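Here are the chains, one letter per residue:
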Amino acid sequence: MTKALKINKNVEQGIQDLLTFLLENGKVKGVFTLKKISKDGAVAYSLITKPDELKDAVPLFPLMPVNAGKLLSRFTLKENTTKPIAVVVKPCELRAFIELVKLEQGSLKNLFFISSTCGGVHPIDKSVDGTVEKNLSKYWDAVKKGEIPAELRPACRSCEEFIPYTADMTVDLIGNNIDKQCMIFLNTKNGEELAKGMDGEFLEKEINKGKIDKFRGKREVEKKKLFDELEVKMNGMDGLIEIFGKCISCHGCMRVCPICYCKLCEFDSSDSEYKPSNYEIELKKRGGVRVPPGTIYFQLGRLSHIAISCVACGACDDVCPVDIPVAMIFKKVGESVQKNV
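Values in this document were obtained by computation on a predicted structure and should not be read as measured data.

Caption draft 1: Inspection of the nonpolar core at higher detail. Grouped together as the largest cluster of nonpolar side chains are 67 residues, with contacts concentrated most on Leu22, Ile114 and Ile184. The element contributing the most residues to this core is helix H1 (residues 11-24), with 7 residues. Of the residues that make up this core, three or more belong to each of domain 1 (2-208) and domain 2 (234-339). For Ile114, the residues in contact, after removing those within four places along its chain, are Leu18, Leu19, Leu22, Ala86, Val87, Val88, Val89, Met169 and Val171. Counting 29 residues, the second largest nonpolar core, distinct from the first, contains Phe244, Cys260, Ala307 and Cys320.

What follows is the structure, given as structure tokens:
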């Protein structure tokens with residue numbers, strides 16, 4: 001049996017109380033979490049060291065302004081954090097950071113992870129017009145019922161890895177009565193130690209496998225639907241050219257991808273720049289050449305580099321200006337590669 005902490009408050013207040021307890025009692029020296037940074041509801045990841053600053057924290061807000069795994073990599077790349085920090089992230093962000101640590105792009109030392117059974121997040125553009133704020137009650141109603149809102153990122157609607165297996169603490173959201181209680185599973189000794197002394201009821205409890213399997217089944221149905229649609233579009237080389245041919249070579253997907261960590265990417269280097277002589281050769285062969293060139297090469301090259309570590313967070317979809325379903329393509333290929341590793 002796993003140990004669990006039950007706080008008889010709504011889940012948002014329960015998490016606020018937990019983070020405040022950790023800071024006030026010196027169990028951690030900082031909290032890394034989402035925080036409201038403006039009156040219009042914009043949120044960003046922030047490192048908080050004073051308990052009164054937590055009043056604007058929104059740890060469970062259904063938005064991912066950037067994959068936190070990328071931020072944690074930058075934060076710990078040159079040296080470990082010397083003081084304990086509680087990190088509140090979504091499961092795919094935690095997985096991304098773990099992958100980066102494997103690649104020696106970060107350190108886990110003195111970081112304690114709090115995550116949740118994740119209901120998914122909205123596309124980033126929905127935060128601009130206030131849609132996320134307006135639909136919060138609708139979102140949380142769906143989470144309580146174990147349903148999948150249509151407004152979420154496609155990567156989230158089809159995600160089966162919504163349980164953060166490597167977190168020290170897991171907040172149980174899916175199918176739970178989150179208006180009246182905050183159930184936190186203490187997965188590790190560190191998790192148990194951090195929660196010790198916190199107001200609440202300590203239990204021996206397992207996560208409800210039935211509701212998790214039911215929710216995963218819904219996600220599987222959604223994934224199959226999206227993969228089937230993609231299969232039709234990706235049929236052969238002509239299909240890939242049709243999909244990736246829209247690419248304008250902005251490299252936005254690469255910039256936000258937590259797994260793309262190279263300081264200088266080959267695709268951004270002078271080696272990838274076309275010289276006039278390159279254009280002349282292509283023009284002699286074909287009579288015409290697309291500008292900018294190499295967009296399909298870029299997409300397939302990046303896919304071959306990161307497929308083994310892609311966590312299907314969907315950040316790439318958010319920033320693509322021409323609506324290429326980058327995340328679902330990478331998710332589909334990534335799953336097939338990862339199964340054979």
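Having seen the structure, we can now continue with the description.
Caption draft 2: Spotlight on unusual backbone geometry. The phi torsion at His251 lies on the positive side, around 65°, for a residue other than glycine. Checked against the element boundaries, His251 lands in the loop between helix H9 (236-244) and helix H10 (252-256). Non-glycine residue Ala312 carries a positive phi angle of around 55°.

Caption draft 3: Layout of the sheet that holds strand E1 (residues 2-7). The 8 strands lie next to each other as E3-E2-E4-E5-E6-E7-E1-E8, forming an open sheet whose pairing is mixed. Pairing within the sheet leaves two strands with one partner each, and these edge strands are strand E3 (43-48) and strand E8 (201-205). When strand polarity is set aside, the average angle formed by the axes of neighbouring strands in this sheet is 30°. Sheet analysis places strand E2 (residues 30-36) next to E3, joined by 6 bridges and oriented antiparallel. Opposite Lys35, over in E3, you have Ala44 as the bridge partner.

Parameters at a glance
Residues numbered from 1 in each chain as written. Predicted model: local features only at pLDDT ≥ 70, side-chain atom pairs only at ≥ 80, totals over all residues. Heavy atoms only, no water. Core = buried A, V, L, I, M, F, W, Y, C linked by side-chain atoms within 4.5 Å. Buried < 20%, exposed > 50% of the residue type's maximum accessible area, 1.4 Å probe, protein only. Helix = DSSP H or I, 4+ residues; strand = E, 2+ residues; numbered from the N terminus. Domains from an automatic or database assignment. Contact = heavy atoms within 4.5 Å. Pairing = 2+ DSSP bridges. Axes fitted to C-alpha atoms, helices over the stretch in contact; angles between N-to-C directions.

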